[in-house]
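Structure assessment
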Amino acid sequence: MKKLVLLLLLPLGLSAQKQVGGSCECCEAIYQRMPATLSWETRISDKDEEGEPMEITGIIYQKDGKTPAPNVILYVYHTDAKGNYSRGTGDACAKRHGKLRGWMQTDHMGRYKFVSIRPASYPNATIPAHIHPTIKEPNKNEYYIDEYRFEGDRFLTKEEIARDENRGGSGLIKLIKNDKGIWIGKRDIILGKNIPNY
Ligand SMILES: [Fe+2]
């Protein structure tokens, strides 16, 4: 009987091992309602979305950390100004991610940019505000990288930062408000960095 269980579990274990990045809950949402054509830059929130405007830019590099990676899809989603993943539509995972979700595909310089509103932390919780990113490279399965989080967040403790896996490099960024009142942030991403099975 034990042998039989082992035999049944083995293929499952093997396929899980091959998955780049390990298991990834709701990562398939990247494909749910993905626009047919993608640009290196996107707007996530409508003009009338409540919240403080935010612009995040960066370059996605190959594993060497130097060579820009073109044609990489970056999917991000985040909470609204009240800290909720609200007004989601579509399949279960897409719905769970809420309305504030968007896609980019890096250009020949590896660039990406998204414009949205600054997310708030979950209501009645002590989890720092964050943006969830998923990466899809050509010829690899999709995988998640560290969340974008913001320096100075009242819930972001040193202990918590020390626990970061730094998948794709650190997701901790500094948001600086420019003279137009827009929060500006920058994060470069290194493909495969601290990603299991890469
Ligand atoms: Fe979240």
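Structure shown above.
Note that the structure is a prediction, hence the values are computed from the model and not measured.

**Focus on the overall build of the protein**
Broken down by element type, the protein carries 3 helices and 12 strands. By the compact-globule yardstick of 16 Å for 198 residues, the protein fits well, its C-alpha radius of gyration being 18 Å. Each of the three principal axes of the protein carries a C-alpha extent, and together these read 65 × 40 × 40 Å. The 198 residues of the protein split such that 42% are buried. A separation of at least 24 residues holds for 71% of the contacts in the protein among residues at least 6 apart in sequence.

**Focus: the coordination of the iron ion**
Bound to the iron ion are the protein donor atoms Y85 (OH), Y122 (OH), H130 (NE2) and H132 (NE2), situated 1.9 to 2.1 Å from the metal. Around the iron ion sit 4 donor atoms; with metal-centred angles ranging over 93 to 157 degrees, the donor geometry is irregular. Here the donor residues of the iron ion share one chain and are spaced in sequence as Y-x36-Y-x7-H-x1-H. Within this pair, whereas Y122 is found in the loop between β5 (111–117) and β6 (130–136), its partner H132 is found in strand β6, the two being separated by 10 residues in sequence. On the basis of relative accessibility, which here comes to 25%, the residue Y122 falls in the partly exposed class. For H132, a relative accessible area of 18% translates into the label buried.

**Side note on the environment of L172**
Turning to its location among the elements, L172 is positioned in strand β9 (residues 172–173). Separated by 86 residues in sequence, L172 and S86 place their C-alpha atoms 24 Å apart. Not counting residues up to four positions away in its chain, the partners in contact with L172 are R149, F150, E151, L156 and I161.

**Observations concerning the nonpolar core**
Ranked by size, the top nonpolar core spans 27 residues in total, and within it I56, I60, L74, Y112, F114, I135 and Y148 carry the most contacts. For this core, the secondary-structure elements that each account for two or more residues are β2 (53–61), β3 (73–78), β5, β6 and β8 (148–150). Excluding its chain neighbours within four sequence positions, the residues that come into contact with I135 are I60, V72, I73, L74, N141, E142, Y143, I145, I189 and L191. Judged by nonpolar contacts, the second largest core, of 8 residues, contains C26, Y75, Y77 and W103.

**A look at the side chain of D80**
As for its placement among the helices and strands, D80 is situated in the loop between β3 and α2 (92–97). Lacking a salt bridge, the buried D80 has R87 as its closest oppositely charged neighbour, with an N-O distance of 4.0 Å. Among the polar contacts made by the side chain of D80, one reaches the main-chain amide nitrogen of K82 at a distance of 2.9 Å. A polar contact is formed between the side chain of D80 and the side chain of S86, at a distance of 2.7 Å. When residues no more than four places from it in sequence are discounted, the contact partners of D80 are E49, S86, R87, L100, I117, P119 and A120.

So, how was this worked out
Residues numbered from 1 in each chain as written. Predicted model: local features only at pLDDT ≥ 70, side-chain atom pairs only at ≥ 80, totals over all residues. Heavy atoms only, no water. Helix = DSSP H or I, 4+ residues; strand = E, 2+ residues; numbered from the N terminus. Rg over C-alpha atoms; globule rule 2.2 N^0.38 Å. Buried < 20%, exposed > 50% of the residue type's maximum accessible area, 1.4 Å probe, protein only. Contact = heavy atoms within 4.5 Å. Donors = N, O, S within 2.8 Å, 3.2 Å for Na, K, Ca; no water. Tetrahedral: all angles 85-135°; square planar, octahedral: opposite > 155°, others 65-115°. Core = buried A, V, L, I, M, F, W, Y, C linked by side-chain atoms within 4.5 Å. Lys, Arg positive; Asp, Glu negative; His and termini not counted. Salt bridge = Lys/Arg side-chain N within 4 Å of Asp/Glu carboxyl O. Polar contact = N/O pair within 3.5 Å; in protein donor to acceptor, adjacent residues only side chain to side chain.

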